[in-house]
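An overview of the molecular structure
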Amino acid sequence: MKRAVLLVSFGASHDDSRRLTLDALAEDFKAEFPEAVIAQAYTSVFIRKALAKRGIHIDSLTEALERLAEEGMEEVLVQPTYMTPGEEYEQKVLAVVPSYKDRFKRLTVGEPAFAREEDYAKNLLAICQSIFLPRGTDLVLLGHGSPHRHNPVYERLQQEIDAQGLPIHVGVLESTDTPDFDVVLKRLQKREAKEVLLAPLLLTAGMHVERDLAGEDETSWKSRLTQAGFAVSTIVQGLGESPYFRAIYIDKARRLLG
């Protein structure tokens, strides 16, 4: 049976980040599933258009599914690379894939990184393996968040972190979502933290990381925490640069592919 794995991502316009995260993940999948065709698709129209202007074509989800059907694939796993089962996953993957059921003998949709209860402890370990935290430093992990609907994954991850007694705090970059800056600031002040390491809770690094996390503008998390009296350092690499974190998606796919 001709099998394919379609890695579906929001996308990455920065060449280095794309190569070191999404393309690296595709290479991991090729090594793990050598009998399968590994393809990629981006759900962000903005990113696909930006790449197209530079002569780089990345399929949309529908384009990729059409292509795989034309190539005679019989079994397709659509494996999202999202961190959480949020709006992007629900509206741009789950809402699209069912219309292609008749084009394949088997069409399955995988899970984002944080989807099951057991994912929290497992993924937290992968994060800790991926980020070196100096002694005496508190880590602030910043996810994307949503401007339209709150995602409870961030609170559940914080619960797991606190249960393990780790000096880690979870926030989101979207100002309308929570845990917001004030929530994280209060946690840091309660711990009487002095040094803070900011890192993205994101697979890829792009505009949000450069501007909202590590930017020099007064509205960035780095500037605001510095203004609050902390010694702040930053990491601007996405978690997708870590093989420990990329392995999460391999495990998700292996569960469905057998």
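Overview of the structure. (Residues numbered from 1 in each chain as written. Predicted model: local features only at pLDDT ≥ 70, side-chain atom pairs only at ≥ 80, totals over all residues. Heavy atoms only, no water.)

Examining the overall build of the protein
The number of helices and strands found in the protein is eleven helices and eight strands. A compact globule built from 258 residues would reach a C-alpha radius of gyration of about 18 Å, and the protein, at 19 Å, matches this within 12%. Taken along its principal axes, the extent of the C-alpha atoms in the protein is 60 × 40 × 30 Å. When burial is assessed residue by residue, the protein has 52% of its 258 residues classed as buried. Long-range contacts, defined as pairs at least 24 residues apart, comprise 76% of the intrachain contacts of the protein with a sequence gap of at least 6. (Helix = DSSP H or I, 4+ residues; strand = E, 2+ residues; numbered from the N terminus. Rg over C-alpha atoms; globule rule 2.2 N^0.38 Å. Buried < 20%, exposed > 50% of the residue type's maximum accessible area, 1.4 Å probe, protein only. Contact = heavy atoms within 4.5 Å.)

Let's talk about helix α4 (residues 61-70)
Every buried residue of α4 is accounted for by Leu61, Ala64, Leu65, Leu68 and Ala69. Axial view of α4: buried residues confined to an arc of 135°, hence all on one face. As for α4, its buried residues are in contact with β1 (3-9), β2 (37-42), β3 (75-80), α5 (87-94) and β4 (106-109). Of the residues one or two after α4, glycine 72 is the one with positive phi, at around 80°. (Arc of directions from axis to C-beta.)

Digging into the sheet that holds β3
Either a parallel or an antiparallel arrangement is found when strands of a sheet pair, and the pairing is made through backbone hydrogen bonds. The four strands are arranged β2-β1-β3-β4 in an open sheet whose pairing can be described as parallel. The open sheet is flanked by β2 and β4, the only strands paired with a single partner. If you compare each strand with its neighbour and ignore which way they point, the axes differ by 20° on average. Docked against the sheet, α4 engages β1, β2, β3 and β4, running at close to 170° with respect to β1. (Pairing = 2+ DSSP bridges. Axes fitted to C-alpha atoms, helices over the stretch in contact; angles between N-to-C directions.)

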